[in-house]
Amino acid sequence: MKKKQAQSTVLRLGLPLMLLILVASCAGPQPRTRPIPEQRDRPAVHGPELERQMHVLINKERRKYGLSLLEWKATLADIARNHSQDMSKRNYFSHYSPEGHDFFYRYKQQGYTCGVHVGRTIYQGGENLALNHLYDSVTTVNGIATSYDWNSQDKIAETTVQGWMNSPGHRKNILTPYFKSEGIGVVITSDGDIYITQNFC
């Protein structure tokens, strides 16, 4: 039997055009130089709630195409969250860790086995990544941030899923008929970056 891993794809969202060009040419996201000040108008964004919102939106997309809904799998969410955490801590954005480990390795390390049989082929899972942000732009006066164009939790969920659906590789993973479950892991950094990993089986 052939063993096959589904395509892994990455997506960066919510950056101003000039910054998008700079980030896309680098190996990972650029760290922001100033931490975000706590402001009254900053919306509350909660990682676990955001994960579940995106899960609901993913299933809405699958329903549109007559596909079965994905079950939420806590183990996959843990694996996804751990990868998002690792990317945020070590400042990289890739399916491969600095040591070269991919999602299949991370599944094995967690003791999770994915084996979806389709004819003579066994599919071993898939992964999508996204990098979103708590805000789209910042206004500065004399180099000091004075206001932010904040994103709501709803907008972050919607732009992430819509970005995936507008990207052929991400869309393919989301609409893969034989996937039965998923987990999404979100990590929000102190400077407003939102690392998102989506794992499938």
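Look up: the structure comes first, before these words.
1. Section: the packing of aromatic side chains
For any pair of aromatic rings, the description consists of the separation of the ring centres together with the inter-plane angle of the planes. Per the counting criterion, the structure on display carries nine aromatic pairs. Consider the rings of F103 and Y107, whose centres lie 5.2 Å apart with planes at 65 degrees: the pair is edge-to-face. With a gap of four residues between them, F103 and Y107 both fall in helix 4 (residues 103-109), about one helical turn apart. The exposure class of Y107 is buried, given its relative accessible area of 1%. On the basis of an interplanar angle of 85 degrees and a centroid distance of 5.9 Å, the ring pair of Y135 and W150 is categorised as edge-to-face.

2. With respect to the layout of surface pockets
Put simply, the second largest pocket is a space of about 170 Å³. Around the second largest pocket, the lining is made up of 13 residues, and of these N82, H83, D86, S97 and R106 lie nearest the centre. Here the element with the most residues in the lining of the second largest pocket is helix 3 (residues 74-90); it accounts for five residues. Along the lines of polarity and charge, the residues of the lining of the second largest pocket split into three nonpolar, six polar and four charged.

3. Quick word on the packing of helix 2 (residues 47-64) against helix 5 (residues 153-165)
In the contact formed by helix 2 and helix 5, the axes pass within 9 Å of each other and the chain directions differ by 45 degrees. Relative to helix 5, the element helix 2 is oriented oblique. In the crossing of helix 2 with helix 5, the sense of the turn from one axis to the other is right-handed. Where helix 2 abuts helix 5, its residues E49, L50, Q53, M54, L57, I58 and E61 lie against Q153, D154, I156, A157, E158, T160, V161, Q162, W164 and M165. Within the contact of helix 2 with helix 5, the residues separate by chemical class into nine nonpolar, four polar and four charged.

4. Notes on the state of the cysteines
A complete count under the given rule lists one disulfide for this structure. One disulfide bridge connects C114 with C201, the sulfur atoms lying 2.1 Å from each other. Between C114 and C201, the S-S dihedral sits near 105 degrees, and the bridge is therefore right-handed. Here C114, found in the loop between helix 4 and strand 4 (116-118), pairs with C201, found in the segment after strand 10 (193-200); they are 87 residues apart in sequence, far enough to count as distant.

5. A short note on the pattern of salt bridges
What the rule picks out here adds up to seven salt bridges. A salt bridge links K64 to E61, with the nearest nitrogen and oxygen atoms 3.3 Å apart. With a gap of three residues between them, K64 and E61 both fall in helix 2, about one helical turn apart. Here E61 falls in the buried class, since its relative accessible area comes to 10%.

6. With respect to the environment of Y135
Residue placement: Y135 occurs in strand 7 (residues 135-141). Considered as a pair, Y135 and D193 are 58 residues apart in the sequence and their alpha carbons are 8.7 Å apart.

7. Digging into helix 3
With 17 residues, helix 3 should cover 24 Å at 1.5 Å per step; its first-to-last C-alpha distance of 24 Å lies within 8% of that length. For helix 3, the complete set of buried residues consists of L76, A77, I79, A80, H83, S84, M87 and S88. Lining the buried residues of helix 3 we find strand 3 (71-72), helix 4, strand 6 (126-133), strand 9 (181-188) and strand 10. Directly after helix 3, the chain includes N91, whose backbone phi takes a positive value near 55 degrees.

Definitions and limits used
- Residues numbered from 1 in each chain as written.
- Predicted model: local features only at pLDDT ≥ 70, side-chain atom pairs only at ≥ 80, totals over all residues.
- Heavy atoms only, no water.
- Phe/Tyr/Trp six-rings, centres within 6.5 Å; stacked < 30°, edge-to-face > 60°.
- Helix = DSSP H or I, 4+ residues; strand = E, 2+ residues; numbered from the N terminus.
- Buried < 20%, exposed > 50% of the residue type's maximum accessible area, 1.4 Å probe, protein only.
- 1 Å grid on protein atoms, 1.4 Å probe; cavity = no way out; pocket = protein on both sides within 12 Å on 5 of 7 lines; lining within 4 Å.
- Points joined across faces, edges and corners; volume = space filled by probe spheres on them.
- Nonpolar A, V, L, I, M, F, W, Y, C, P; charged D, E, K, R; others polar.
- Axes fitted to C-alpha atoms, helices over the stretch in contact; angles between N-to-C directions.
- Parallel < 35°, antiparallel > 145°, perpendicular 65-115°, else oblique.
- Left-handed = near helix turned anticlockwise from the far one by under 90°.
- Contact = heavy atoms within 4.5 Å.
- Disulfide = S-S within 2.5 Å.
- Salt bridge = Lys/Arg side-chain N within 4 Å of Asp/Glu carboxyl O.
- Expected span 1.5 Å × (residues − 1).

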